[in-house]
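Next come the chains, spelled out residue by residue.
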Amino acid sequence: MRGLHAGSGDLSREVAGMAAAKRIAVGGFMHETNTFCSLRATFDEFERQDVWPGLTRGAPLLTAVADMNMGLAGYVRNATQHQLTPLLWCSAEPSGFVTEDAFERITDMLLSDLDRQGPFDGVFLDLHGAMVTEHCEDGEGELLRRVRDVVGEEVPVVASLDFHANVTEAMFKHADALAIYRTYPHLDMETTGVRGYLLLERLLTGAPLAKAFRKLPFMMPLTAQCTNFEPNIRLFEKVSQLETGTVRGVEFAEGFPTADIYECGPSVVVYADTQDAADAAAEELYADVLAAEAEFSSELWSPAEAVSAAMSSLERPVVLADVQDNAGAGGHSDTVGLLRAMVDGGATDAVLAILHDPDVTYRAHELGEGARFDAELGAKLGSSGEKSFASSFVVERLSDGCFDCTGEMYRGVRAKLGPMALLRVDAQGCDVRVVVGSTRFQCLDRGIFLHLGIDPKGQRLVGVKSTVHFRADFDAIAARTLAVEAPGVHYCRLSEIPFQNLRPGVRLL
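Worth saying up front: this structure is predicted, and the values here are computed from it rather than measured.

Read from one edge to the other, the open sheet built from six strands follows the order S2-S3-S1-S4-S5-S6, with strand pairing classed as mixed. At either end of the open sheet lies a strand with only one pairing partner, and these are strand S2 (56-57) and strand S6 (177-180). Where strand S4 (residues 122-127) and strand S5 (residues 157-161) come together, four bridges link them in parallel fashion. Bridging across to S5, valine 123 finds its partner in valine 157. On top of the sheet, helix H3 (residues 71-78) reaches strand S1 (23-30), strand S3 (83-91), S4 and S5; it is set at about 150 degrees to S4, its chief contact. On top of the sheet, helix H5 (residues 139-151) reaches S1, S4 and S5; it is set at about 165 degrees to S4, its chief contact.

Here is the structure:
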């Protein structure tokens, strides 16, 4: 099929009677909410650009998402026969609750444009699936309900969702189809949009699309959700095997566990020509995932043990993932447990990124490269119960935070993260550097180090505040990778998550 990008799965199957030109509304509103994070996603956060565009409304949206690895881009690149009406697209770095003000303002913009520019033959939205607001547990379900109120029951609505979506009954009900990422790290965001395009094309022709939904009774820590390893390798092979014949879409979301909501957790969604086919495929995949429950676990190292193991390794670099303080999972990204262990353990040729501390970052910029100064670094948001890391630091490099990403997730994207600095810890018995930043951002791309003059390939120990996404760019150079259980609000030991609202009976590994 013309326009369909390689890597989208089995795209050789024809959509039944490709839809003639239609009027399609497109847009997106994305946030992954860690309800244990004290930070709020305000309207300003959605306006800000990082690696994704800031809030963009109307015609400029199509240019803003061009050439990006995202669901909306995948849809737009393939829906060339249709008249596309861009609404808005925005995202904010994962954090605590989306403020009521931000949700209502952005939703009102989207809905008013949808209503004013309609009627439409179809709607495609790029969503996350784990948004929690100050006034609503299910941000996407509420958004889709309101979209449905505007366009009516007969207009097909399709959405792409993140791999970590906590799919709810409302999302399933109000969307005619959902297409969900199948990789973690998320390398297939664009191709998920292509699958959404195929599902919407089928709906636009009037072809039937029965659907089935199953919620799993157990939770999966993010550290065990990487699709490079079992049991996900075989489970996603099963997804591909089931998606054949009359079964048009098989989706498996593994959930975002640090969302204290009733419907948190993994789920299976299937779309097929008949209800019997949809139910049969859903039951088969559900049974396979249930049988793999015990395999969704991972080893966590204490910071001291991880540093000792890294320093004892004859091969380099050893990557230490600070998995519980990952900004990309709503972590504050300012805890210092791993940094302190690196210094106390006498680590050499060691570097850590990105530690969020705007005050120290701005001070480094005021003093300039080569300056030596005393500072209390990190642990200022109060989530970890730690004390800041007090030391002398030497400013080795400064940057404006603008650099080209090199990894597969964001290859070709220009990051704009604001002031950053490379600091050397000025203490005897260690050789440790830390990248500090003014903006919270997950360390998932080697460009973060490279643009500050550090090649992680040459280091003995590389600390990354990330859970899994870093693997897309760092696994190729890592002699070994260890998941470190340092302080943070992205809890990876599920039994320690202080749930208050999770439905009864859900098992925590």
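Next, the rest of the story.
Here the protein shows a mean pLDDT of 95. Residues at 70 or above account for 96%. Segment residues 1-16: pLDDT under 50, and 34 contacts once partners within four positions in sequence are set aside and those in other chains are kept.

With that settled, consider the nonpolar core. Grouped together as the largest cluster of nonpolar side chains are 144 residues, with contacts concentrated most on Val167, Tyr410 and Phe449. Sequence-distant contacts of valine 167, that is, excluding residues within four places in its chain, are made with Gly129, Leu161, Leu178, Ile180, Phe213, Lys215, Ala253, Glu263, Ser267 and Val269. Counting residues in hydrophobic clusters, the runner-up holds 38 residues, among them Leu339, Leu355, Leu423 and Leu461.

Our next topic: the pairing of S5. With respect to burial, S5 is a largely interior element, five of its five residues being buried. Going residue by residue along S5, you find Val157, Ala159 and Leu161 tucked away on one face and Val158 and Ser160 tucked away on the opposite face as well. Following the backbone out of S4, through H5 and into the adjacent parallel S5, one traces a crossover that is right-handed. Inspection of the sheet shows S5 paired to S6 by four bridges, in the parallel sense. Its bridge partner being in S6, leucine 161 is matched across the sheet by isoleucine 180. Taking the sense of rotation as the criterion, the β-α-β connection linking S5, helix H6 (residues 169-174) and S6 turns out right-handed.

In terms of burial, strand S17 (residues 432-437) is largely enclosed, as six of its six residues are buried. Note that strand S11 (residues 350-356) and S17 share five bridges and pair parallel. Residue leucine 352 lies in a different strand from S17, and its bridge partner there is valine 434. Judged from the five bridges that link them, strand S16 (residues 420-425) and S17 form a sheet pairing that is antiparallel. Note that in S17 the partner of leucine 423 across the bridge is valine 434. Counting the residues in the hairpin turn of S16 and S17 gives six residues, including glycine 429, whose phi is positive at 85 degrees.

Below, the discussion takes up the packing of aromatic side chains. What the rule picks out here adds up to 16 aromatic pairs. A connected cluster of aromatic rings, assembled from ring pairs, spans Phe163, Tyr184, Phe236 and Phe252. The ring of phenylalanine 43 carries the charged tip of arginine 105 above its face, separated from the ring centre by 3.7 Å. We note lysine 211 situated over the ring of phenylalanine 172; from NZ or CZ to the ring centre the distance is 4.8 Å.

The next subject is the state of the cysteines. Applying the stated criterion to the full structure yields zero disulfides. Not part of a disulfide, cysteine 136 finds its nearest cysteine sulfur in cysteine 264, a span of 15 Å. On the accessibility criterion, cysteine 136 (17% relative accessible area) is buried. Cysteine cysteine 443 shares no disulfide, and the gap to the nearest cysteine sulfur, in cysteine 405, comes to 11 Å.

We now examine the pattern of salt bridges. One pass over the full model with this rule turns up 36 salt bridges. Of the charged contacts in the structure, one is a salt bridge between aspartate 273 and arginine 248, with a shortest N-O distance of 2.9 Å. Of the two residues, aspartate 273 is situated in the loop between strand S9 (267-272) and helix H9 (275-291) and arginine 248 in strand S8 (residues 247-253); the sequence distance between them amounts to 25 residues. Residue arginine 248 is classed as partly exposed on the basis of its relative accessible area of 23%. Measuring nitrogen to oxygen at the nearest pair gives 2.8 Å for the salt bridge that ties lysine 380 to aspartate 357. With lysine 380 in the loop between strand S12 (372-377) and strand S13 (389-399) and aspartate 357 in the loop between S11 and helix H12 (358-367), this residue pair connects regions lying 23 residues apart in the sequence.

All right, on to the packing of helix H8 (residues 232-242) against H9 then. Close contact between H8 and H9 brings their axes to 10 Å; oriented N to C, the two are set at 170 degrees. Considered as vectors, H8 and H9 are oriented roughly antiparallel to each other. For the pair H8 and H9, contact is made by Leu235, Lys238, Val239 and Leu242 and by Ala281, Glu284, Leu285, Asp288 and Val289, respectively. In the contact of H8 with H9, the residues fall into six nonpolar, no polar and three charged.

What counts as what
Residues numbered from 1 in each chain as written. Predicted model: local features only at pLDDT ≥ 70, side-chain atom pairs only at ≥ 80, totals over all residues. Heavy atoms only, no water. Pairing = 2+ DSSP bridges. Helix = DSSP H or I, 4+ residues; strand = E, 2+ residues; numbered from the N terminus. Contact = heavy atoms within 4.5 Å. Axes fitted to C-alpha atoms, helices over the stretch in contact; angles between N-to-C directions. pLDDT = per-residue confidence, 0-100. Core = buried A, V, L, I, M, F, W, Y, C linked by side-chain atoms within 4.5 Å. Buried < 20%, exposed > 50% of the residue type's maximum accessible area, 1.4 Å probe, protein only. Right-handed = clockwise from strand over helix to strand, strands pointing away. Phe/Tyr/Trp six-rings, centres within 6.5 Å; stacked < 30°, edge-to-face > 60°. Lys NZ or Arg CZ within 6 Å of the ring centre and 35° of its normal. Disulfide = S-S within 2.5 Å. Salt bridge = Lys/Arg side-chain N within 4 Å of Asp/Glu carboxyl O. Parallel < 35°, antiparallel > 145°, perpendicular 65-115°, else oblique. Nonpolar A, V, L, I, M, F, W, Y, C, P; charged D, E, K, R; others polar.

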